[in-house]
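# Inside the fold
If you want the building blocks of each chain, they are given just below.
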Amino acid sequence: MSFGDIFRIKCLTLPQTLNLMYGKIKQHLSNTLAEIRAAGLYKEERLIETAQQAAIGVGGKEVLNFCANNYLGLSNHPRLIRAAQEMMDRRGYGMSSVRFICGTQDIHKELEAAISDYFHTEDTILYAACFDANGGVFEPLLTEEDAIISDSLNHASIIDGVRLCKAKRYRYANANMDELENCLKEAQSQRFRIIVTDGVFSMDGNVAPVDRICELAEQYDAMVMVDESHSAGVVGKTGHGVSELYNLYGRIDIYTGTLGKAFGGAMGGFTTGRKEIIDLMRQRSRPYLFSNSVAPAVIGASLETFRMLKESNALHDKLVDNVNYFRDRMTAAGFDIKPTQSAICAVMLYDAKLSQVYAAKMQEEGIYVTGFYYPVVPKGEARIRVQLSAGHEREHLDKCIAAFIKVGRELGVL
């Protein structure tokens, strides 16, 4: 019997074997999914049929998008598209390698330098995503002798990164400096300490009190790490993030962030900060060592983003104007909006099912928003998270506000 005959026989018997192996867990997974649906927590994915921008096509209909992280309106900017195309012509489509083998082009180093310049840091390392940056930062730096002190509302990627590290874990209530100080006092028995916080907390839109965090860090001998994913490009006089907002340059040891939000909305993340920390990441950070390099097209567009932000603050200024206009008019209309210093406006509804019904009715009015509910936010804290963009025009904002008011009256929210 030939090898081909044996292979065909094995292939014929394989599906039955797989069914026997998968049978029990298949039923378990089906039951779990049914429970998620019954609880009203099943997440549907609506298909966008156009480029990501202020006005998008969904289900053959044009709607206004108010739930993208496209803070500076760059996701479909002609300069970035052109820069990505030109870089593919120059450096190709993909890298097919990790950085330390044959995955580092001159443009990767150029982008790392541009990010360091933007944040006023000593060095930068690129990752496939900020999830990888946060997942790969703690384990190389800290051991069971050390301590990580984390805000309770930090992003899931930070939580997962902490889990991968053997350091002792402390957690303080969101932005609660008294609890943070208590954690720092308890952690004095550890060798090294690091405080980690989001710059802007993605569900509420509040900015972390990083000025107070740095004061406590200096008092209790701790490092400071800030995830700038929702704050870079947004907060501060020119949008350069929390260090600009609080004048903290030189006092924060590590920043992580993404190229997938304000900086063009594609893929890619980074860690930037002290030179020795970044150098150690290159040697021991597993997501960096075992993931392909960021693609040349993304590098090309990202480099163009940082050139644009050096040329003018116009996009950031427009974003700030849009946020102030939307927030003030929604508050005046009677909506319960969490205090925000960012481009995130959380319209509180408190009921999970109501948030889904509200979002569906908003789409009927031509406004694309999403209801957020447990486990994404705490139980009883359901909301519609509105994200403003420099890509929105005043007529977009007015249409969105009018739709919120109309649906709010229909559903008894107002």
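For the structure given in this document, a descriptive report is provided here. All figures in this text were calculated on a predicted structure; none of them were measured in a lab. (Residues numbered from 1 in each chain as written. Predicted model: local features only at pLDDT ≥ 70, side-chain atom pairs only at ≥ 80, totals over all residues. Heavy atoms only, no water.)

## Considerations on the overall build of the chain
Looking only at helices and strands, the chain has 16 helices and 13 strands in total. In terms of overall size, the chain behaves like a compact globule, its C-alpha atoms giving a radius of gyration of 23 Å where 414 residues would be expected to give roughly 22 Å. Along the first, second and third principal axes, the C-alpha set of the chain runs to 75 × 60 × 50 Å. Put simply, the chain has 414 residues, and 50% of those count as buried. (Helix = DSSP H or I, 4+ residues; strand = E, 2+ residues; numbered from the N terminus. Rg over C-alpha atoms; globule rule 2.2 N^0.38 Å. Buried < 20%, exposed > 50% of the residue type's maximum accessible area, 1.4 Å probe, protein only.)

## Describing the pairing of strand β3 (residues 123-127)
On any regular strand, side chains alternate: one points to one face of the sheet, the next to the other face. The buried count for β3 comes to five of five residues, which makes it a mostly enclosed element. Neither face of β3 is exposed, since Asp123, Ile125 and Tyr127 on one face and Thr124 and Leu126 on the opposite face are all buried. Taken together, the five bridges between β3 and strand β9 (residues 269-273) define a ladder with antiparallel strand orientation. If you follow tyrosine 127 over to β9, its bridge partner there is glycine 269. (Pairing = 2+ DSSP bridges.)

## Considering unusual backbone geometry
Residue tyrosine 374 is joined to proline 375 through a cis peptide bond whose omega torsion reads 10°. With respect to the helices and strands, the residue proline 375 is situated in the loop between β12 (371-372) and β13 (382-387). With a phi close to 60°, histidine 120 is a non-glycine residue in the positive phi region. With respect to the helices, strands and loops of the structure, histidine 120 is situated in the loop between α4 (106-119) and β3.

## Topic: the pattern of salt bridges
Going through the model one piece at a time under the given rule, you end up with 24 salt bridges. In this structure, the salt-bridge partner of glutamate 218 is arginine 251, at a minimum N-O distance of 2.8 Å. Taken together, the residues glutamate 218 in helix α9 (residues 210-219) and arginine 251 in the loop between α10 (242-246) and β8 (254-258) connect sequence positions 33 residues apart. Using a relative accessible area of 31% as the deciding quantity, one classes arginine 251 as partly exposed. (Salt bridge = Lys/Arg side-chain N within 4 Å of Asp/Glu carboxyl O.)

## Brief notes about the sheet that holds β8
Overall, mixed pairing links the seven strands, which are arranged β3-β9-β8-β7-β6-β4-β5 in an open sheet. With one partner strand each, in any of the chains shown, β3 and β5 (168-172) form the two edges of the open sheet. Here the average twist between neighbouring strands, direction ignored, is 20°. Looking at chain direction, strand β6 (residues 193-198) and strand β7 (residues 223-227) are connected through five bridges and run parallel. (Axes fitted to C-alpha atoms, helices over the stretch in contact; angles between N-to-C directions.)

## A few points about the environment of valine 226
Among the structural elements, valine 226 can be located in strand β7. Look at valine 226 and you get buried, because its relative accessible area is 0%. Spatially, the C-alpha atoms of valine 226 and tyrosine 368 are 30 Å apart, while their sequence positions differ by 142 residues.

## Notes on the packing of helix α15 (residues 352-364) against helix α16 (residues 394-410)
The geometry of a pair of packed helices is captured by two quantities: the angle between their axes and the separation between those axes. The interhelical angle for the contact between α15 and α16, taken along N-to-C directions, is 130°, at an axis separation of 10 Å. It follows from the interaxial angle that α15 and α16 lie oblique. Crossing hand, α15 versus α16: right-handed. Between α15, through Tyr358, Lys361 and Met362, and α16, the contact on the second element is made entirely by Cys400, Ala403, Phe404, Val407, Gly408 and Glu410. Counted by class, the contact of α15 with α16 contains six nonpolar, one polar and two charged residues. (Parallel < 35°, antiparallel > 145°, perpendicular 65-115°, else oblique. Left-handed = near helix turned anticlockwise from the far one by under 90°. Contact = heavy atoms within 4.5 Å. Nonpolar A, V, L, I, M, F, W, Y, C, P; charged D, E, K, R; others polar.)

## Describing the packing of aromatic side chains
Two aromatic rings, taken as a pair, are described by how far apart their centres are and by the angle between their planes. Across all of its chains, the model carries ten aromatic pairs by this definition. Arranged with centres 5.4 Å apart and planes meeting at 70°, the rings of tyrosine 118 and phenylalanine 306 form a pair that is edge-to-face. A residue pair is termed long-range when its members are at least 10 positions apart, and tyrosine 118 in helix α4 and phenylalanine 306 in helix α13 (residues 296-311) qualify at 188 residues. Residues tyrosine 118 and phenylalanine 306 agree in their burial class; the two are buried. With centroids separated by 4.8 Å and ring planes inclined at 50°, the aromatic side chains of phenylalanine 263 and phenylalanine 306 adopt a geometry described as tilted. Here phenylalanine 263, found in the loop between β8 and β9, pairs with phenylalanine 306, found in helix α13; they are 43 residues apart in sequence, far enough to count as distant. Of the aromatic side chains, those joined through ring pairs into one cluster are Tyr118, Phe119, Tyr255, Phe263, Phe270 and Phe306. (Phe/Tyr/Trp six-rings, centres within 6.5 Å; stacked < 30°, edge-to-face > 60°.)

## Overview of α13
Spanning 16 residues, α13 covers 23 Å between terminal C-alpha atoms, matching the ideal 22 Å at 1.5 Å per step. Counting buried positions along α13 gives 13 out of 16 residues, so the element sits mostly inside the fold. (Expected span 1.5 Å × (residues − 1).)

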